[in-house]
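# Close look at the chain arrangement
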Number of protein chains: 2
Amino acid sequence: MATPAKKLSTLMPKEFAPTVPSVSEEKPKRYLWLRYLIPIAVGLAIWFSPAPAGVSAKGWQLLAIFVGTIVGIISQPLPMGAVAITGIALCAVTGTLSIGDSLSGFADGTIWLIVAAFMFARGFIKTGLGSRIAYLFIAAFGKRSLGLGYSLAATDLVLSPAMPSNTARAGGVVYPVLRSIASAYGSEPDDGTARKLGAFLVKNSFQATIITSAMFMTAMAANPLVVKLAGDQGLNLTWGSWALAGLVPGLVSLALVPWILYKVYPPEIKETPDAVKFAKDRLRELGLVKRAEWTMLGVFIVVLALWIFAPLLGNLNATTTALTGLAILLIAGVLTWDDVEKERKAWDTLIWFAALVMMAGFLGKLGVVPWFSKQMAGSVSGLDWITAHMLLLLVYFYAHYLFASMTAHIAAMYAPFLIVSIAAGTPPMFAALTLAFASSLHSSTGSLKGEICCL
Amino acid sequence: MATPAKKLSTLMPKEFAPTVPSVSEEKPKRYLWLRYLIPIAVGLAIWFSPAPAGVSAKGWQLLAIFVGTIVGIISQPLPMGAVAITGIALCAVTGTLSIGDSLSGFADGTIWLIVAAFMFARGFIKTGLGSRIAYLFIAAFGKRSLGLGYSLAATDLVLSPAMPSNTARAGGVVYPVLRSIASAYGSEPDDGTARKLGAFLVKNSFQATIITSAMFMTAMAANPLVVKLAGDQGLNLTWGSWALAGLVPGLVSLALVPWILYKVYPPEIKETPDAVKFAKDRLRELGLVKRAEWTMLGVFIVVLALWIFAPLLGNLNATTTALTGLAILLIAGVLTWDDVEKERKAWDTLIWFAALVMMAGFLGKLGVVPWFSKQMAGSVSGLDWITAHMLLLLVYFYAHYLFASMTAHIAAMYAPFLIVSIAAGTPPMFAALTLAFASSLHSSTGSLKGEICCL
């Protein structure tokens, strides 16, 4: 197995500019015909098998398209967005859903919360506020390599509530800083010096961003998909309730993981006084906090406060807050309309998210989900819920080795596992939240493809 | 007044690559404070004036936000999309509409028809099929400068049903060809040689693209806004009915306008045999029609046929057809997902369109439009409908001198003028269609800003 630093280096841009690395999704694929054949075959097999009693014909057709779409997202004949567009087109052109229903996902509030948060992420990168936060932490705690690890994890934590792409956080903000410091200490990915410092820092930041991804609804692009899928089971996860549930386990993990990693995968260099000097030099170069950074920081804090205290404010909707924040960033000139138009990953997310949310919602309305729940209720009556839920959680977690994408994993497995767990007697909100956290944490295994990004 | 060629040359890229010119929208604006002040003042004035009887308080608030948004699109403190996002945020954050209602425009089928058509346009440019069509027409009819004008107009006509950005048609496909031929004949915009050939061709293609914009629902990005606004009055304009109504006047105009222009604004060069040779050389360079071009052409023809014959096919929805066509282009590899993600103008259109359609729709539901219609019904009873409608049409047409954008013009004036005309007794569909055509044709005046593009 390649060292993580080596794996990362192939994903990251050579220059250390604070931009999001653009992993090309469109290189020629092996076994392309098979990647097409499997989802089509699975979809057709379901389509032409008889619908069980209690499920409408349309509902069963939708299940065929939904499963075909998810298998397509896993087998990847095309990038996820293109598979999603095909799924939407199939819903409409087969007459399974009206065109209005097929497009209904695009009006979903949760999607636009994530689109707005993608724009906030751009603001952190563009204004340089993200790097400044990293340098501040390093200047304060970076004297030793363990402290450096904590500093980079803390940077990730601070940014995570408004940066739904953990690729943007770990790759766009943290990595360039990390890489510069490792290089300054003569630790490079490819020449046998990785274990001096860089390998520890990379592994540490990788694990940290996985933890922070689980802590906030807006810390990972597919978390809102979890919220929608739980919502289809009548479980209302708000931004605040997610954060509240995630806070203590998240902070404990962030405190323990760097220390454990430092023990089991220690860097050769322990003292890093030059990192503090490096960070202070960078801060001096950055100069005083710019007006755009203050505005970005102000909007970030206000939006965060409104998300947290929404229940005290007449349940102010999180998307309303986010869109208002985005409008303020545009009016203040922190972001230009140009920035918004070219935030491609936001438009990508809009498309696949709308497709999956729409299909999942109508699977419920057309009787497929209730039918599945009823089937499950009978089948798991043997075990007590604690054992059952622990088993389900373990399977859900390690099943990640089968998926190249967190979104595919969640779309395929979250809802059925939640239904089965609830059927086994697990308190529904506990089941929903633990599976929600596992939906990010499963990536700590590293997927078969060695991806660090969530999408 | 600058010659049109001169005006165009400032809008067009220097190199003749077949790309859409990117007119930067974000240069510093003059009187920026005034551009902000006017929409805010107008919006607040409406907000704080008492709602008339029959209009709900929420409806009146929405009118304030709607008018403020449109005035903002006209005064342009920020690009249209940013003003639209602000409008959506204001609807939600003021509690005028729920967040779900505020976002409902994004699920509108017409919007996704246009988004898909933007992708078709990319396919024409990317595969080179657009230029090939231009060269074919020129090789056949380009022996004289008038024939050259007809050839370029014909190219525009062929592409227009699947290219909703007339900037992409006229600027991305036709202009590079036109410019190369004019240059070959020693006619340049800036050195006094414009009138030899280039000025005639530019003015001709400008007028041609305005005419084709009026002929098809998908030939201009804001046409579907007309469809929605007419729909709010209970008038159902389909893709086919629009095309049927536009066909004869459109073709007659396309036959007459180049000839009239040739008489009143003649090029000095009358014979252009080298243009035929130039086109044939280009065609030889392009070689055989590539697989991607055949696929593009096939999808284009099938989509067009399905749009035209939808009523014979159980009213197959135009958006369903378009999305299916897009899925096929992605599967066939004509377009990559990358192309879709970076088609920025599609995302821009999605945003402003969703905002305007959503507000216009709820103005009807909340009683503002019915109230306005009732007011108008009383006030125009003096005139016969023919005189009334002609007057309205003339005012609507020449009011374009006040607008920098076709969308702003339509959003501000189409619905009230339609309502007044219907109140005066004009047959509703006739009123809707003539105002619809005028919504593109008004740009033949050239706006104050000398823009050639619709957005």
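Residues numbered from 1 in each chain as written. Chains lettered and ligands numbered in written order. Predicted model: local features only at pLDDT ≥ 70, side-chain atom pairs only at ≥ 80, totals over all residues. Heavy atoms only, no water.

### Describing the relation of the copies chain B and chain A
Note the threshold: Superposition of the copies used a least-squares fit over C-alpha atoms from residues whose pLDDT is at least 70 in both.
With an RMSD of 0.0 Å, chain B superimposes on chain A once it is rotated by 180 degrees and translated 0.0 Å along the axis. The superposition operator between the copies reduces to a two-fold rotation axis.

### As for the packing of aromatic side chains
Using the following cut-off: The criterion for an aromatic pair is that two Phe, Tyr or Trp rings (for Trp, the six-membered ring) have centres within 6.5 Å, with stacked assigned to planes under 30 degrees apart, edge-to-face to planes over 60 apart and tilted to the rest. Under the scheme used here, helices are H or I runs from DSSP no shorter than 4 residues and strands are E runs no shorter than 2 residues, and both carry numbers assigned from the N terminus. Relative accessibility thresholds used throughout: buried, under 20% of the residue-type maximum; exposed, over 50%; partly exposed, between the two (1.4 Å probe, protein chains only). For a ring to carry a charge above it, either NZ of a lysine or CZ of an arginine must fall within 6 Å of the ring centroid while also lying within 35 degrees of the normal to the ring plane.
Across all of its chains, the model carries 29 aromatic pairs over all chains by this definition. Measuring from ring centre to ring centre gives 6.5 Å for Y396 of chain A and Y414 of chain A, while their planes differ by 70 degrees; the resulting arrangement is edge-to-face. Taken together, the residues Y396 of chain A in helix α19 (residues 385-398) and Y414 of chain A in helix α20 (residues 406-423) connect sequence positions 18 residues apart. Comparing Y396 of chain A with Y414 of chain A shows no difference in burial state: the two are buried. Measuring from centroid to centroid gives 5.7 Å for F216 of chain B and W239 of chain B, while their planes differ by 20 degrees, and the two rings are stacked. In this pair, F216 of chain B is assigned in the loop between α10 (198-215) and α11 (223-231) and W239 of chain B in helix α12 (residues 239-264), connecting sequence segments 23 residues apart. Grouping residues by exposure puts F216 of chain B and W239 of chain B together as buried. Between K203 of chain A and the ring centre of Y265 of chain A, over which it is positioned, the NZ or CZ distance is 5.3 Å.

### So, the nonpolar core
Using the following cut-off: What makes a nonpolar core is a set of buried Ala, Val, Leu, Ile, Met, Phe, Trp, Tyr and Cys residues whose side-chain atoms join them at distances within 4.5 Å. Two residues qualify as a contact provided that any one of their heavy atoms is within 4.5 Å of a heavy atom in the partner residue.
Among the nonpolar cores identified, the biggest contains 246 residues, and W112 and Y414 of chain A together with W112 and Y414 of chain B are the most heavily contacted of them. For W112 of chain A, the residues in contact, after removing those within four places along its chain, are F106, T319, W347 and L350 of chain A together with L103, F106, L350 and I351 of chain B.

### Some thoughts on the environment of L393 of chain B
All names here are of chain B. Here L393 is to be found in helix α19 (residues 385-398). Residues L393 and S421, spaced 28 residues apart in sequence, show a C-alpha to C-alpha distance of 9.1 Å. Non-local contacts of L393, meaning those with residues more than four positions away in its chain, are made with T434, L435 and A438.

### Some thoughts on the side chain of R179 of chain B
The condition that has to hold: By the criterion applied in these results, polar contacts are pairs of N or O atoms within 3.5 Å in which, for protein atoms, one can donate a hydrogen and the other can accept it, and in which residues neighboring in sequence qualify only through two side-chain atoms.
Mapped onto the elements, R179 of chain B comes out in helix α9 (residues 166-184). At 3.2 Å, the side chain of R179 of chain B and the side chain of E188 of chain B are in polar contact.

### What to know about the interface of chain B and chain A
As a reminder, the rule being used: Here the buried area means the combined drop in accessible surface, using a 1.4 Å probe, for two parts upon being joined, counting both sides. What makes a salt bridge here is a side-chain nitrogen of Lys or Arg within 4 Å of a carboxyl oxygen of Asp or Glu, nothing more. Each residue is assigned to one class: nonpolar for Ala, Val, Leu, Ile, Met, Phe, Trp, Tyr, Cys and Pro, charged for Asp, Glu, Lys and Arg, and polar for all the others, Gly among them.
On the side of chain A, 41 residues touch chain B, which itself brings 41 residues to the contact. The contact between chain B and chain A buries some 3,700 Å² in all, and 73% of this surface belongs to carbon and sulfur atoms. Here chain B is connected to chain A by six salt bridges. Counting across the chain B and chain A interface gives 10 residue pairs in polar contact (both at pLDDT 80 or more). Among the elements of the structure, α4 (80-93), α6 (109-127), α15 (318-331), α16 (337-341) and α17 (344-365) of chain B are those that each provide at least two residues to the side of chain B that touches chain A. Among the residues forming the side of chain B that touches chain A, the class breakdown is 23 nonpolar, nine polar and nine charged.

### Points about the confidence of the model for chain A
To keep it simple, the criterion reads: Each residue carries a pLDDT value, the predictor's own confidence for that position, ranging from 0 to 100.
Here chain A averages 88 in pLDDT, while 91% of its residues score no lower than 70. We note a pTM of 0.86 for the whole complex and an ipTM of 0.86 for its interfaces.

### With respect to the domain arrangement of chain A
All names here are of chain A. So the rule is basically this: Bear in mind that the domain bounds are from an automatic or database domain assignment.
Splitting chain A by domain gives domain 1 (30-102 + 350-365), domain 2 (110-335) and domain 3 (367-455). Listed as interface residues are 25 residues of domain 2 and, on the opposing side, 28 residues of domain 3. The largest share of the area that domain 2 buries against domain 3 comes from F206, Q233 and L235, three residues that together contribute 23% of it. Across the domain 2-domain 3 interface, the total number found is zero salt bridges. The tally of links from domain 2 across to domain 3 stands at two residue pairs in polar contact (both at pLDDT 80 or more). Only α9 (166-184), α10 (198-215), α11 (223-232) and α12 (239-264) provide two or more residues apiece to the side of domain 2 that touches domain 3. Of all the elements, α10 adds the most residues to the side of domain 2 that touches domain 3, at six residues. Its residues assigned to classes, the side of domain 2 that touches domain 3 shows 17 nonpolar, eight polar and no charged.

### Some remarks on a nonpolar patch on the surface
This is how it is decided: Distance thresholds for patches are 9 Å for like charges and 5 Å for nonpolar side chains (Val, Leu, Ile, Met, Phe, Trp, Tyr), applied to residues having over 30% relative accessible area and no salt bridge. Using a 1.4 Å probe, the Shrake-Rupley method yields the accessible areas, and only the shown protein chains count as cover for residues.
Nonpolar side chains collect at one region of the surface, where L247, V248, L251, V252, L256, W259, I260 and V264 of chain A lie side by side and expose about 730 Å² of accessible area between them. You can see V248 of chain A is positioned in helix α12.

### Some points on the pattern of salt bridges
Counting across every chain of the model gives 32 salt bridges over all chains. Residue K345 of chain A is joined to E341 of chain B by a salt bridge in which the shortest nitrogen-to-oxygen separation is 3.3 Å. Linking K345 of chain A in helix α17 (residues 344-365) with E341 of chain B in helix α16, this pair reaches from one chain into another. The class of K345 of chain A is partly exposed, set by a relative accessible area of 30%. Given the relative accessible area of 3%, E341 of chain B is considered buried. Ionic pairing is found between E343 of chain B and R122 of chain B, a salt bridge with its closest N-O pair at 2.7 Å. Remark: R122 of chain B occurs in helix α6 and E343 of chain B occurs in the loop between α16 and α17; sequence separation between them is 221 residues. Taking relative accessible area as the criterion, E343 of chain B reaches 9% and is therefore assigned buried. Where salt bridges share partners, they join D338, E341 and K342 of chain A together with R344, K345 and D348 of chain B into one cluster.

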